[in-house]
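For reference, the chains in residue letters:
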Amino acid sequence: MSISDRQLELIKESAHLLVREMGLTNEEAIQLISKCIKKELLKRNISMEMLNISPKPDRTSFIRAVVQHVQEAIQENPYWRSKHLSKSIESFYKVLHDSWTRE
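Keep in mind that what you see is a predicted model, and the values were worked out from it rather than measured.

A.B. asks: Help me understand the nonpolar core, please; the structure alone is not making it clear to me.
C.D. replies: In summary, soluble globular proteins display a tendency toward joint burial of nonpolar side chains. Ranked by size, the top nonpolar core spans 26 residues in total, and within it Leu-18, Leu-32, Ile-37, Val-70, Ile-74 and Phe-92 carry the most contacts. Counting residues per element, the ones that place at least two in this core are helix H1 (5-22), helix H2 (26-44), helix H3 (48-52), helix H4 (56-76) and helix H5 (85-101). No other element matches H4, which puts 7 residues into this core. The residues contacting Leu-32, other than those within four sequence positions of it, are Leu-18, Leu-24, Val-70, Ala-73, Ile-74 and Trp-80.

Structure, rendered in structure tokens:
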């Protein structure tokens, strides 16, 4: 899987949000996001390159699925759970979604 500079920046921004909002370490956040992205890419049988050239609705659907995977992983781990999970997930979604909606 090849990752562009834009995608790498997006992952870093998202990881920073999870660190700030959920108390994950930077490494935990990056691993979690990467795992969820890979999981959804495999599920859809596509690459990042294919996703980048996909129509906007497909990218939005992909982002929603990745956010859902992240939310599920956080909910399953009592160490990461927070009273502000809904607000944090909403902020996380916004960071991811904004990158691909700027086009």
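After that view, the rundown keeps rolling.
A.B. asks: Quick question: what am I supposed to make of H2 here?
C.D. replies: An α-helix turns once every 3.6 residues. As a result, residues three or four positions apart point the same way. Over its 19 residues, H2 extends 27 Å from the first C-alpha to the last, a length consistent with the 27 Å expected when each residue adds 1.5 Å. For H2, the complete set of buried residues consists of Ala-29, Leu-32, Ile-33, Cys-36, Ile-37, Glu-40 and Leu-41. Down the axis of H2, the buried set is contained in an arc of 160 degrees. They therefore lie on one face. Seen from the open side of H2, the exposed residues pointing more than 90 degrees away from its buried face are Glu-27, Lys-35 and Leu-42. Looking one or two residues past H2, Asn-45 carries a phi angle of roughly 55 degrees, positive in sign.

Conventions adopted
Residues numbered from 1 in each chain as written. Predicted model: local features only at pLDDT ≥ 70, side-chain atom pairs only at ≥ 80, totals over all residues. Heavy atoms only, no water. Core = buried A, V, L, I, M, F, W, Y, C linked by side-chain atoms within 4.5 Å. Buried < 20%, exposed > 50% of the residue type's maximum accessible area, 1.4 Å probe, protein only. Helix = DSSP H or I, 4+ residues; strand = E, 2+ residues; numbered from the N terminus. Contact = heavy atoms within 4.5 Å. Expected span 1.5 Å × (residues − 1). Arc of directions from axis to C-beta.

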